[in-house]
Amino acid sequence: MSSTTPPALRRTPLYDRHVAAGAKLVDFAGWEMPVQYEGVRPEHMAVRKTCGMFDVSHMGEIETSGPGALELLQCLLSNDVAKIAPDGAQYSVLCREDGGVLDDLFTYRLDAERYLTVTNASNHERDLAWFERHAQAVDGVQVQDAIDAWAMLAVQGPLAREIVQAISDAPLPARMRAEMRRLAGVEVLVCGTGYTGEDGVELLCAPEYAPALWDEIVRRGGVPAGLGARDTLRLEVCFHLYGNDLSVDRGPIEAGLGWCCKEDTDFIGADAVRAVRERGPAEKLVAFALEGPGIARQGNPISGGGEVTSGTLSPCLGIGIGMAYVPAGHAAVGTQLEIDVRGKMRPAVVKDKPLYRKGS
Amino acid sequence: MSQTSYPLDLLYHPEHDWARIAEDDAEHAVLGITWYAQDALGEVVFFDPPAVGTTLVKDSSYAEVESVKAVSDVVAPLSGEIVEVNEALADNPAMINEDPYGEGWLVKIRLSDSSERDALMDVATYTATLAG
């Protein structure tokens, strides 16, 4: 049997909540996800000023456990996994042998020999296959696809902790810590992490409990926010988006992620990363702002070489902003760029990262 | 955001553009995008108007409107030459969302072929395409 019908989109346990809230739903990496409810701008401002809540249950999870877990993760992840304390969290990239970036990931240490790694939805299957393949060479390690075991909510903004604290049975874990709590009677892994540049938490729980948790946080002032606002928020603070600013065609040093690469741990790709770090990258990922009207977008070429990988209108700054790979000689803050925005040359300038600072 | 509406007095193009030709002035048309187009786009944050004097060719793109997330071509429902652009949109492009048939108009053109209007749809025909 063959069929031309596209595969059905996957839905998160919060799908009904999104429909009821009037969300505009789009296909995102095979998932039917809310891109916005009321509008990107009000949702963006809710996260900056009060508290927004995102359904990010499309993100994947891989659980690595057993006495060999640390050895496997140290070999796969670019950061020094031995530095993750119990209940700790760490950001890293997953590299190929040539240093090309397969994904960027948060890893939480749930127990002495048990780690949970959160993947990007678009990369989950590839990451899982990569983990499983390399696990064969390590004794005493189990790699388990945990994508169906977890729903994930990101509660972000200056009031986010206060709202979640009010329904928690114990003080919330600090930034870059992840601990189990009971929230409104539900067992939740509460992580002091996020993707918006604001304070807040990310909540992982069993899918069947996610709707009640969502409702409780909405009732207490969490504003549902879609993937559109998630993108503008992360770009204002210059967090990377896989598929835009990260890909297998470029390495972590080019992307400005050398800080999370510890070549001495001998992770896959360490030799390639070390070589680029020592000789200096040919291109660098910079943040830019347009100096006049217009909005640069992914794929717009830059005079003298390079390309825009992310671009939008910044709701907080009111100007076109973005990130771009440019030749290393054009990467200094203050360098003037000319971006070809669909045939119009638009002046821009390389800016410090982040483009927006919390509370400014 | 405005309520769904499709005025009776407009001519509609399948690319979700409208043209208004006044009864007492068959030489000119005011152009804009429909409620459906602005709703699909989301909040408009940038409109880059073409210059007065620019020639429009029916069914070809003559301008771009942008939301935070996306850029969208605006297609000319009729051919002609731009005699006026809505300068107010430079400071307040969200008027395209709030009042797509009024304050959110885009350009006024002098028509170069008055017979082209016969190819456009009336409101009933256009709204039927949206239902499909």
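As the structure is a prediction and not an experimental result, all values here were calculated from the model.

Our next topic: the overall build of chain B. Across its full length, chain B holds three helices and nine strands. Secondary structure of chain B in N-to-C order comes out as β-β-β-α-β-β-β-β-β-α-β-α. Expected size for 132 residues packed as a compact globule is a radius of gyration near 14 Å; at 14 Å, chain B falls within 12% of this value. If one aligns the C-alpha atoms of chain B with their principal axes, the spans along those axes are about 35 × 35 × 25 Å.

Residues and elements named next belong to chain A. One can read the domain layout of chain A as domain 1 (15–57 + 150–235), domain 2 (59–145 + 251–281) and domain 3 (283–360). Put simply, the middle of domain 1 and the middle of domain 2, counted by C-alpha atoms, are 25 Å apart. Contacts between the two partners involve 13 residues from domain 1 and, on the opposite side, nine residues from domain 2. Taken together, the residues of the side of domain 1 that touches domain 2 sort by class into 10 nonpolar, one polar and two charged.

The next point concerns the interface of chain B and chain A. By a widespread convention, an interface's size corresponds to the accessible area lost as its parts come together. In this complex, chain B contributes nine residues to the contact, which on the side of chain A involves 13 residues. With three residues, strand β4 (residues 44–48) of chain B is the single largest residue contributor to the side of chain B that touches chain A.

Residues and elements named next belong to chain B. Among the structural elements, His28 can be located in strand β3 (residues 28–33). A tally of 16 C-beta atoms within 10 Å means that His28 is categorised as partly exposed. In this structure His28 touches Val83, Lys108, Ile109, Arg110 and Leu111, once residues within four positions along its chain are discounted.

Turning next to the sheet that holds strand β8 (residues 142–145) of chain A. Residues and elements named next belong to chain A. Strand order in this open sheet of five strands is β5-β6-β7-β4-β8, and the pairing throughout is antiparallel. Pairing within the sheet leaves two strands with one partner each, and these edge strands are β5 (89–95) and β8. Ignoring strand direction, the axes of neighbouring strands in this sheet form an average angle of 25°. This element, helix α4 (residues 124–135), spans β4 (60–65), β5, β6 (101–111), β7 (114–119) and β8 of the sheet and lies at about 15° to β4.

All names here are of chain A. Examined bridge by bridge, strand β10 (residues 178–183) and strand β11 (residues 186–191) share six bridges and lie antiparallel to one another. When the sheet's bridge partners are listed, Arg181 is paired in β11 with Val188. Between β10 and β11, which pair antiparallel one after the other, the connecting turn spans two residues, and Ala184 there sits at a positive phi close to 50°.

Residues and elements named next belong to chain A. The six strands lie next to each other as β10-β11-β12-β9-β3-β13, forming an open sheet whose pairing is mixed. Looking along the sheet, the strands with just one partner apiece sit at the ends: β10 and β13 (223–224). Bridge count between strand β3 (residues 52–55) and β13: two bridges; the pairing is parallel. Bridge pairing links Met53 to Pro224 in β13. Against the sheet, helix α6 (residues 210–219) makes contact with β3, β9 (151–156), β10, β11, β12 (200–205) and β13, and its axis sits at roughly 15° relative to β9, the strand it touches most.

Let's shift gears to the nonpolar core. Among the nonpolar cores identified, the biggest contains 131 residues, and A:Leu153, A:Val155, A:Leu203 and A:Leu213 are the most heavily contacted of them. Excluding residues that lie within four positions of it along the chain, A:Leu153 makes contacts with A:Met53, A:Phe54, A:Asp55, A:Val56, A:Leu203, A:Ala210, A:Leu213 and A:Trp214.

Moving on, we get to the pairing of β12(A). Residues and elements named next belong to chain A. Burial within β12 is extensive, with six of its six residues counted as buried. Side chains Gly200, Glu202 and Leu204 project from β12 onto one buried face, and the interleaved Val201, Leu203 and Cys205 project onto a second face that is buried too. As judged from the six bridges shared by β9 and β12, these two strands associate in the antiparallel manner. Counted as the bridge partner of Gln156 is Gly200 from β12. Two elements, β11 and β12, share four bridges in a ladder whose sense is antiparallel. What sits directly across from Leu189, in β12, is Leu204.

The next subject is unusual backbone geometry. Residues and elements named next belong to chain A. Of note, the amide linkage connecting Lys353 to Pro354 takes the cis form, showing an omega dihedral of -5°. For Pro354, the location among the structural elements is in the segment after β18 (344–351). Residue Ala184 is not a glycine yet carries a positive backbone phi of 50°. Residue placement: Ala184 occurs in the loop between β10 and β11. In the Ramachandran plot, Cys238 falls in the positive-phi region, its phi being about 65° despite a non-glycine side chain. On the neighbour-count criterion, Cys238 (22 C-beta atoms within 10 Å) is buried.

Let's shift gears to helix α7 (residues 227–236) of chain A. Every α-helical turn comprises 3.6 residues, leaving residues that sit three or four positions apart pointing alike. Residue and element names in this part refer to chain A. Burial within α7 is extensive, with nine of its 10 residues counted as buried. Burial in α7 covers these residues: Leu227, Gly228, Ala229, Arg230, Asp231, Thr232, Leu233, Leu235 and Glu236. As for α7, its buried residues are in contact with β1 (24–28), β2 (31–36), α2 (40–49), β3, β15 (307–313) and β16 (320–327).

Rules and cut-offs
Throughout, residues of each chain are indexed from 1 in the direction in which the sequence is written. Chains and ligands are labelled sequentially in the order written, the chains with letters from A and the ligands with numbers from 1. With pLDDT at 70 or above as the cut-off, local features in this predicted model cover only qualifying residues; side-chain atom pairs require 80 or more to be listed or tallied, and sums for whole chains, interfaces and linings still use all residues. Put simply, DSSP marks the helices as runs of H or I at least four residues long and the strands as runs of E at least two long, and each gets a number from the N terminus on. Each radius of gyration reported is based on C-alpha atoms, and the globular scaling rule is 2.2 Å times the count of residues to the power 0.38. Source of the domain bounds: an automatic or database domain assignment. Residues are scored as being in contact if the C-beta atoms we place from backbone atoms lie within 7 Å. Gly falls in the polar group here, along with every residue not listed as nonpolar (Ala, Val, Leu, Ile, Met, Phe, Trp, Tyr, Cys, Pro) or charged (Asp, Glu, Lys, Arg). Around each residue's C-beta, the other C-beta atoms within 10 Å are counted; 20 or more make the residue buried, 12 or fewer make it exposed, and counts in between make it partly exposed. All C-beta atoms are placed from the backbone. Any two strands are treated as partners once DSSP identifies two or more bridges connecting them. Angles shown run from 0 to 180 degrees and are taken between the N-to-C directions of axes, each axis being a line fitted to C-alpha atoms and, for helices, limited to the stretch in contact. Note on definitions: a nonpolar core is a set of buried residues drawn from Ala, Val, Leu, Ile, Met, Phe, Trp, Tyr and Cys, linked by C-beta atoms within 7 Å.

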